[in-house]
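Structural characterization, general
Now for the letters of each chain:
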Amino acid sequence: LETKARSYVRITRGVPPWWGPAGSTAQLPTYKLRGRVMQRDPNGVLPDAPVQYARVVLFFRRLHTLVDIQLSDVNGYVQFDNLMPGGQAYYAIAFDPEGAPLQNAVIWDRLTPEPGP
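Residues numbered from 1 in each chain as written. Predicted model: local features only at pLDDT ≥ 70, side-chain atom pairs only at ≥ 80, totals over all residues. Heavy atoms only, no water.

1. Considering the environment of tryptophan 108
Worth spelling out the cut-off: We count a stretch as a helix when DSSP gives it H or I for four or more residues in a row; a strand needs E for two or more, and each element gets its number in order from the N terminus.
Here tryptophan 108 shows up in strand S8 (residues 106-111). On a C-alpha basis, the gap between tryptophan 108 and tyrosine 91 in space is 5.6 Å, while along the polypeptide they are 17 residues apart.

This is how it looks when you write it as structure tokens:
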């Protein structure tokens, strides 16, 4: 008599699958990253202005793997939840929203998550 068990791969958005074995509770993804997308005046005269609805893409630094994509809110703030801890483990790239003038993307480098709710 032979019994077969099905195994499934479950990927949760925002939680990289390479951290620990499946079902492990040794390290829980309870960290977060917060930031704000701001537009700089090329002449340096006007103050920085928040960019609303910018696409911000978060990557895991060591493997350059996509972790999550979020839109900034109307005040330019963005937050990534359910991340694993790690010093300088992430980097993010913010892209202008659709219809905006073509500009260079903003890169947030060497991000370290903090404990979240």
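2. Quick notes on the pairing of strand S7 (residues 90-95)
Using the following cut-off: Summary of the burial criterion: residues with accessible area below 20% of their type's maximum are buried, those above 50% are exposed, and those between are partly exposed, where the area comes from a 1.4 Å probe applied to protein chains only. Pairing between strands requires that DSSP locate at least two bridges from one strand to the other.
With five of six residues buried, S7 is to be regarded as a mostly interior element. By the bridge criterion, six bridges tie strand S4 (residues 55-60) to S7 in an arrangement that is antiparallel. Paired with phenylalanine 60 across the two strands is tyrosine 90, which belongs to S7. Of the strand pairs in this sheet, S7 and S8 are connected by four bridges, and their pairing is antiparallel. Bridged to tyrosine 90 within S8 is leucine 111.

3. Details of the sheet that holds S8
The strands making up a sheet associate through hydrogen bonds between their backbones, and the pairing can be parallel or antiparallel. What counts, and what does not: All axes here are fitted lines through C-alpha atoms, helices being fitted over the stretch that makes contact, and every angle between N-to-C directions spans 0 to 180 degrees.
Read from one edge to the other, the open sheet built from four strands follows the order S5-S4-S7-S8, with strand pairing classed as antiparallel. A strand with exactly one partner marks an edge of an open sheet, and here the two such strands are strand S5 (65-71) and S8. Looking at each pair of strands side by side, their axes are set apart by 20° on average, direction ignored. Across six bridges, S4 lies against S5 in antiparallel orientation. Note that in S5 the partner of phenylalanine 59 across the bridge is leucine 66.

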